[in-house]
Amino acid sequence: MARFLSRTHRGGPTVSLYWLVYVIGSILMLAVLILDPYINKPSGWIALELFTKKPVRHGVDPCSWDYEGSWKIGSFSGPSPTALNISEAPLITCADVTSTSVSFVRTPFLLIPGSGEHVDPLEWTVFYEMRNLQTFNSEIGVSVSRDGGATWQHVGIALADPRLSLSSPFVVYDAPTKLYVMLPDSSLHGSGRGGGAFRAFVTTAKEFPLGWRPLERSLGRPDPVRMRRNMAGEATARSRVGQPLTTAWRRLRTDPDHVTHESSSADWDFDDVDADGSWGPPDHSVRLNGTTAVFVDGSWWIFTSVIRPSMLPWRPPSATPLIYTAEGSLLSRWLPHPSVGRQPSVGGWTSAPGAATAAAVGGMEGPLFSGGRPFIWQDSIHRWVHGCKSHCSDELTLLRATVANATHFQEEVAATYTPGVDRSWHSRRIGHADVQPRPGSVGQWWGILSGDRYADGMHHFVVHELWFVELKASLRDLVAAQLAVVLVAVALHAATEAQRADCSGAGRGRHAPGTSGVDGGSDGSDAAADSSCCRHDASLRQWVVQLLSRHPVVLSRVIGAAEVAAGWSHAGVARMGAVWEVIETRARRIAAQPRVQFFAHAMGACAMGLVVAATVMLALPSAVPCPRWMVVVRPFTSPPQYVPPQPFVDPAGPFDVSNLTIVSGCTMSFMDRLENLVGSLQYWEPHTPIVLYDLGFTSEQLAQIRCWRGVQVVRFPYEEYPPHVREINNYAFKPLVFEHAVKRYPAMLWIDCGLEVRASLDPMRAVLARDGHVSAQQSGAPLDFPYTEMYAVPFFKLSEQEYDRVKNLPFCAGGLQGFVRGAASEQLLLSPAVACAMEANCTSPPGHSRSNYMYDQTSFTLHIRLHNYSSCLPREQFCTSAVKKLTWDPTASSAPIVVASRRHRWPKPYQHRVASAPAGCSPDPASNPWRSVSSEHPETVTKSSSLLFKISFVYGQAAGDFIVQASCCLGFHLVAQGVLVAAVRGCAAVAAVAYRCL
C-alpha cells in the first residue's frame, strides 16, 4: 500500500499525495474521536462550548444547571453525634445567595462563638463553597443567623481568587493569636481536586466574618504591600459581583487602608508561636486537601491528605492521609505524627517504621476524604470522612479514635449516615458535616450538612449536550467505516499493481526485447508472463503444501474442507450469476415495453405532483384548503361524554366572565411551547389579557416575555411555600398558582403551555359562567394509578363508598382549569387541591412518578366527581390530544375543538406568530423587575433531549401526522392533481413538437 501511495501513475504524484494526506487525516480524526469520550467527561475532549460563545455547561441566572449537581445546606441535629437527623428542608440554597449568581452551595463549616471570642455570641456564622456562574469558579460565601440557626442571611463573598477554585473553608478561632484562621482547599480552574499550594487566611474579630487575607510563610515578617494588593483584589472582586449587603462590606470596599491598618501585625499576638515565625507543615508547596483541626489538651490535631491526580483522565485521584500536631497555636509549626507513613492505608493510617500497624477502620474501602469538622465527644476525637464507593458522597462516616497518643493513632467506625430516599433534597449525596453541642441545650447537638438530590449533573448533560455526543459517536463510526473501505480498496489496488509489475518483469526477463516466444510476437510475450505468474502461484502452493505436510491428518482434513467449501462457493456464485443474468434480461425486456415505460413516467409524474403539493402545503398552509375531518373516538372505561345524573348547580351562578384572564406559566425548558400558546391566544383571543407566571425563566427569557403584546408576567413566590413546591415534576405549583391568580383576577382560565388554542374560547366561557368552573375530560381514571388509593384517598378522608363511586370516572385535565372568584368551586375544588399541594406526602409521595400518580389532576378529579360537577368538557369534542384532528391551516377554525395538546410535537404553527409590544420595550435582562432564579432541575425534558427521541417522536410523529392530514386534505389532492395534469400536458406538448419536427 505504501508503494501504491508513493507511485506516480495516472494523475501523477499529486494524486498519490492527496491519498496519503486523506488516509493520515482520517486516521488522526478517528483516533481523536475514539479518545474523546474518555477525556473531560461527560462532554468529551471536543466540547460543544468550543463552537459557541454562549455558556454551554451552565446558565447565568441563580441556580442554573451545573454538571456537579445542585448541592444545598440543611441542618443536622439530634441527641448525640451518632443519632442525628437531617432536616426535611434545606436552610441555605443557591437561591439565597444574593451577592452573585451561583449554581450550588456545599462543604459548610459552622462557627458558633465561644468564650474568649470578641464577636457577638448570638450571631452564628457558616462558611461554604459556592460556584460562581459568572466566572465558573468556586468561591467562599458566608451567611449569618441570629435565631439559633433557624434562618440564615447571606452576607457576601468571604474569599475569592480569580485563578483558583476554593472549597471546604475550615474556619476556627485561634485563641493564642486572637485570629480567625481559614484553611480552604484550592484547585486550578476546572482541574478538580488539588492544584493550589497550601495557604491559610486570617482575619480579626473586628472584621469577622470578612476581611480575610493570606498568611505569610513567616509570621515575624508580614508583608503590608502584599496585604494591600490582596485587599485591592478583594475590592475588585466585590465590585464585580454586585453591591455589598452589610456595613462591613461597605467599609471594606471604600477604605481598604482602614482594613490593613486594623489587621497590621501590631494587633496580632504571636507570643505563643515559634521564635522564627514559621508555621504550618514543613513544606508549604505541598497540595493539601480537606485540612481540618481539633484542639485537644493544649495541642492541635490536624488531619489532611495529599491528593495526587491520576495520569490517566479516567482514573480517580490517589489520596495520602497525613496527621500533624501543633503545640499551643494552630499558627505554629506542624509536626508530622509518627503514625503516618508514606502510603495511604485501606480505611486507616499506615504506621511509620518501628511503630505498630494501625487497624483498618471497619473494613472501609478506598481512600478516606475529609467530610467535615472534627470534634471531641466522650473524651475521644471524632471526625467525618467519606469512603468513596460509587462516588465520594454516597455516605458520610463518623470515625472515633480508639488510640490517639504521641506515637499511635487508631480509629473505628462510630456511625454511618446515608443519603435520604425518594425526592428529598439529600436523596443521592450527603457532603460535609459540622455538628457541635447546641448552646443552652443539654444533651443536644446541632450542625449543618450539605446534600444533593442528584448523584451528579448527568441529567443536565443529557438535556444540553447529549445530542452533540451522539453526533460525535455517529461521526466516529462513519469515519471508521469509510476509512476501512478506503484502506481495503487501496490495499487491493496496490496488490494488483504489484502483481502486474512482478509478472511483467518476469516476462521481460524471459523474453528479451526484439525476440519472440513460441508463437512469435506479443502473444508469446503475454504467454510467458502468464506462465511466470502461474509458476509463482505454483511455488506458493508448494510452499503451503510443504508446511502442512508435517501434519498429514490435518493436511487431508484441510484439503477436504477446502474442496467442499470451494465447491459450495463455486456453485453458489454460479447460481447467483445465472439468476442475476435472468433477472437482468427479463427486466430489460419488460422495461423496453411501451406500457411499462408509460407506467414509469406516470408514477414519476405522480411522485412529482405529491412532492410539489407537500411543499406547497408546508410552505403556504393557508393556500391549501384542509377542513377538519371527523374521527372516531377510541372507547374508554367510562363514556367520554360523562355527565353526572344530578349535576351540581351553584346557587351564586351564573357568573360574569366578561373579564376573563388567561393564565399560564412554565420553566425555561418549555419556552418554545409557551411561544406557541401565546401566539395562538393572540390570534384567537386578541382582546383577552394573558398572565404568565415566572416559574423559572432565565433572565433573557423574562426580558423577552415582558415585550410580548397583551402579556403580563407575574413572579411566583416560591419562598412563601414549602420547599417541595419548587419541584416542577410534582406539579404542586399548579393549585397554588390557581389560588394566587383567583385572588388577583375575578375569572381565570389556566392553560398549560404545552397546549394551543384553535378556535374561540366561547364554549369554555359559557361553562365557566354557568358552573364557576371549567375543565376537560381526559383518558384514564383514578383507579388506574395505585397511588391514588394509597395517598390521595386517605389524605382527603374519602370513605370507601365515595371512592368506589368516582374511581372509574374519567380524569379532568389538570392542564385546563378555570375558576371564578366567589364561586362554590373555589372552596369545593380548589381549596382541597391547595391543601394537598402544601403537603409533600400528598402531592409528592415516596416513589411517585407519572406511572403511579397523577398529582394535582387526581385532587381536582376526585372532588369534581365527588361534588357532581358537569364542567368537564367532553374529550375529542372540545379538547384533543391528537393534532392531526385539527385543521392544517392554523388560521382556520377547528371548532368545535377549542384546545389541542401540541407538547413536544413539531411543527408549532403559532410559535413565530407571537406579536411584540409597541416600540419602546427593550428586551434587556438588566431591566427585569426581579431577579431570575432557575427552577429546580427539569427532568421532565430529559428524555426529549435525546437525538433518537427527537428523530422518532418530535419529527417522526410530525411526519406521521402530516401524512394523515395530507391524505385527508382535499386541497393537497387538488394541488397534486393539478401538477400531474400540467406534467401530462407538458409531455404531450413536447411529444407533439417532436412529431412535427420528424
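Here the residue numbers are simple positions, counted from 1 along each chain's written sequence. Residue-level local features of this predicted model are given only where pLDDT is at least 70; pairs of side-chain atoms are given and counted only at 80 or more, and the full residue set underlies all totals for whole chains, interfaces and linings. Water and hydrogen atoms play no part in the side-chain values, which are based on all heavy atoms of the structure.

*Asks:* So what exactly am I meant to see when it comes to the packing of helix H15 (residues 786-796) against helix H19 (residues 856-866) here?
*Replies:* If you want to describe how two helices pack, look at the angle between their axes and the distance between the axes. Simply put, an axis is a line fit to the C-alpha atoms, just over the touching stretch for a helix, and the angle between two N-to-C directions goes from 0 to 180 degrees. We count a stretch as a helix when DSSP gives it H or I for four or more residues in a row; a strand needs E for two or more, and each element gets its number in order from the N terminus. In contact at an axis separation of 11 Å, H15 and H19 are set at 60° when each is read in the N-to-C sense. Put simply, H15 runs oblique to H19. Relative to H19, H15 is oriented so that their crossing is right-handed. Note on element contacts: H19 touches H15 through Thr858, Ser859, Leu862 and His863, opposite Thr788, Ala792 and Phe796. Residues of the contact of H15 with H19, tallied by class, amount to three nonpolar, four polar and no charged. Convention used here: angles under 35 degrees read as roughly parallel, angles over 145 as roughly antiparallel, angles from 65 to 115 as roughly perpendicular, and any remaining angle as oblique. Crossing chirality is assigned from the near helix's rotation relative to the far helix, an anticlockwise turn below a right angle marking it left-handed and a clockwise turn marking it right-handed. Whether two residues touch is decided by their heavy atoms; if any such pair falls within 4.5 Å, the residues are in contact. In this count, Pro and Cys sit with the nonpolar residues alongside Ala, Val, Leu, Ile, Met, Phe, Trp and Tyr, while Asp, Glu, Lys and Arg are called charged and the others, Gly among them, polar.

*Asks:* Explanation requested: the pattern of salt bridges in the structure shown.
*Replies:* Where charged atoms from two side chains of opposite charge come close, those side chains can pair. The salt bridge criterion pairs a side-chain nitrogen of Lys or Arg with a carboxyl oxygen of Asp or Glu, the two atoms within 4 Å. Scanning all chains against the criterion turns up 26 salt bridges. Across the pair Arg131 and Glu68 runs a salt bridge whose closest N-O atoms are separated by 2.8 Å. Of the two residues, Arg131 is situated in strand S4 (residues 124-132) and Glu68 in the loop between helix H2 (13-35) and strand S1 (72-78); the sequence distance between them amounts to 63 residues. Linking Arg902 and Glu756 is a salt bridge whose minimum nitrogen-to-oxygen distance equals 2.9 Å. Taken together, the positions of Arg902 in the loop between strand S32 (899-901) and helix H20 (947-967) and Glu756 in strand S26 (residues 755-757) put the pair 146 residues apart, joining distant regions of the chain. One exposure class covers both Arg902 and Glu756, and it is buried. Residue burial is assigned from relative accessible area. The probe radius is 1.4 Å, only protein chains are included, and a residue is buried under 20% of its type maximum, exposed over 50%, and partly exposed in between.

*Asks:* I would appreciate a short explanation of the packing of aromatic side chains in the present structure.
*Replies:* Centre-to-centre distance and the angle between the planes together describe a pair of aromatic rings. Any two rings among Phe, Tyr and Trp, with Trp reduced to its six-membered ring, count as a pair given centres within 6.5 Å; such a pair is stacked if its planes are under 30 degrees apart, edge-to-face if over 60, and tilted if neither. Summed over the entire model, instances satisfying the criterion amount to 32 aromatic pairs. With centroids separated by 4.9 Å and ring planes inclined at 55°, the aromatic side chains of Tyr787 and Tyr791 adopt a geometry described as tilted. With Tyr787 and Tyr791 both in helix H15 and four residues apart, the pair spans about one turn of that helix. The same class applies to Tyr787 and to Tyr791, which are both buried.

*Asks:* Explain the side chain of Ser339 to me, please; I cannot follow it from the model alone.
*Replies:* Residue position: Ser339 is located in the loop between strand S14 (335-336) and strand S15 (368-370). Overall, the relative accessible area of 2% leaves Ser339 in the buried class. At 2.7 Å, the side chain of Ser339 forms a polar contact with the side chain of His337. Side-chain atoms alone can form a polar contact between residues adjacent in sequence; in general such a contact is a pair of N or O atoms within 3.5 Å, and within protein one must be able to donate a hydrogen while the other accepts it.

*Asks:* Help me understand the sheet that holds strand S11 (residues 288-296), please; the structure alone is not making it clear to me.
*Replies:* Strand pairing in a sheet relies on backbone hydrogen bonds, with the paired strands running either antiparallel or parallel. By definition, two strands form a pair when at least two bridges between them are found by DSSP. Taken in spatial order, the four strands of this open sheet run S11-S12-S13-S14, and their pairing is antiparallel. Unpaired on one side and paired on the other, S11 and S14 mark the two borders of the sheet. Across 10 bridges, strand S12 (residues 299-308) lies against strand S13 (residues 318-327) in antiparallel orientation. Across the sheet, Arg308 pairs through a bridge with Ser318, a residue of S13.

Remember that the coordinates give geometry; whether it matters functionally is a separate question.
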